[in-house]
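# Report on the structure
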Amino acid sequence: MKFREIEDGDKVHPGEYLLHTPSNQIVICGAFLKDQNKIKVLAEGRLITDSINNFNKIVLNPNERKQRRSYKCKGCSRTR
């Protein structure tokens, strides 16, 4: 897993995981406020608003993405 800085042309979507560099923790994006140069995130059950410069995007290579992919349990499809 690698991290890269958020650049001007990047889009950050709500629900995307980001690294908050001052606290060194993975957080969930709630809102990307580019005009205000801020991002609202959910971290440890609290809503935090901070500068875009304090966040990094998470970059996964194809093998890491495949390992982290979640599947449905398929339990309901077996009962038919």
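Located above this text is the structure these notes cover.
No experiment lies behind these values; they were computed from the predicted model shown.

This part is about a nonpolar patch on the surface. There is a patch of nonpolar side chains on the surface, built from Met1, Phe3, Tyr17, Ile26, Ile28 and Leu42 and spanning about 550 Å² of accessible area. Within the fold, Phe3 resides in strand β1 (residues 2-5). Residue Phe3 is classed as partly exposed on the basis of its relative accessible area, which comes to 38%.

What follows concerns the side chain of Asp50. In this structure, Asp50 sits in strand β5 (residues 46-51). Within the structure, Asp50 has its side chain in polar contact with the side chain of His20 (distance 2.8 Å). In contact with Asp50, other than residues within four places in its own chain, are His20, Pro22, Asn37, Lys38, Ile39 and Phe55.

Phi at Asn24 is positive, roughly 55 degrees, even though this residue is not glycine. Of the residues examined, Asn24 reaches a relative accessible area of 60% and is grouped as exposed. Its identity is not glycine, yet Asn37 carries a phi of approximately 60 degrees, on the positive side. Summarising the element assignment, Asn37 is placed in the loop between β3 (25-33) and β4 (38-43). Take Asn37: its relative accessible area is 37%, and that puts it in the partly exposed class.

Our focus in this paragraph is the nonpolar core. If you look at the biggest cluster of nonpolar residues, it comprises 11 residues: Ile6, Val12, Leu18, Val27, Cys29, Ile39, Val41, Ala43, Ile48, Ile52 and Phe55. Mapped by element, the contributors of at least two residues to this core are β3 and β4. No other element matches the 3 residues that β4 contributes to this core. What Val27 contacts, discounting residues up to four positions off in sequence, is Glu16, Tyr17, Leu18, His20, Val41, Leu42, Ala43 and Phe55.

Rules and cut-offs
Residues numbered from 1 in each chain as written. Predicted model: local features only at pLDDT ≥ 70, side-chain atom pairs only at ≥ 80, totals over all residues. Heavy atoms only, no water. Patch = residues over 30% accessible without salt bridge, like charges linked within 9 Å, V, L, I, M, F, W, Y side chains within 5 Å. Areas by Shrake-Rupley, 256 points an atom, 1.4 Å probe, with all protein chains shown as cover. Salt bridge = Lys/Arg side-chain N within 4 Å of Asp/Glu carboxyl O. Helix = DSSP H or I, 4+ residues; strand = E, 2+ residues; numbered from the N terminus. Buried < 20%, exposed > 50% of the residue type's maximum accessible area, 1.4 Å probe, protein only. Polar contact = N/O pair within 3.5 Å; in protein donor to acceptor, adjacent residues only side chain to side chain. Contact = heavy atoms within 4.5 Å. Core = buried A, V, L, I, M, F, W, Y, C linked by side-chain atoms within 4.5 Å.

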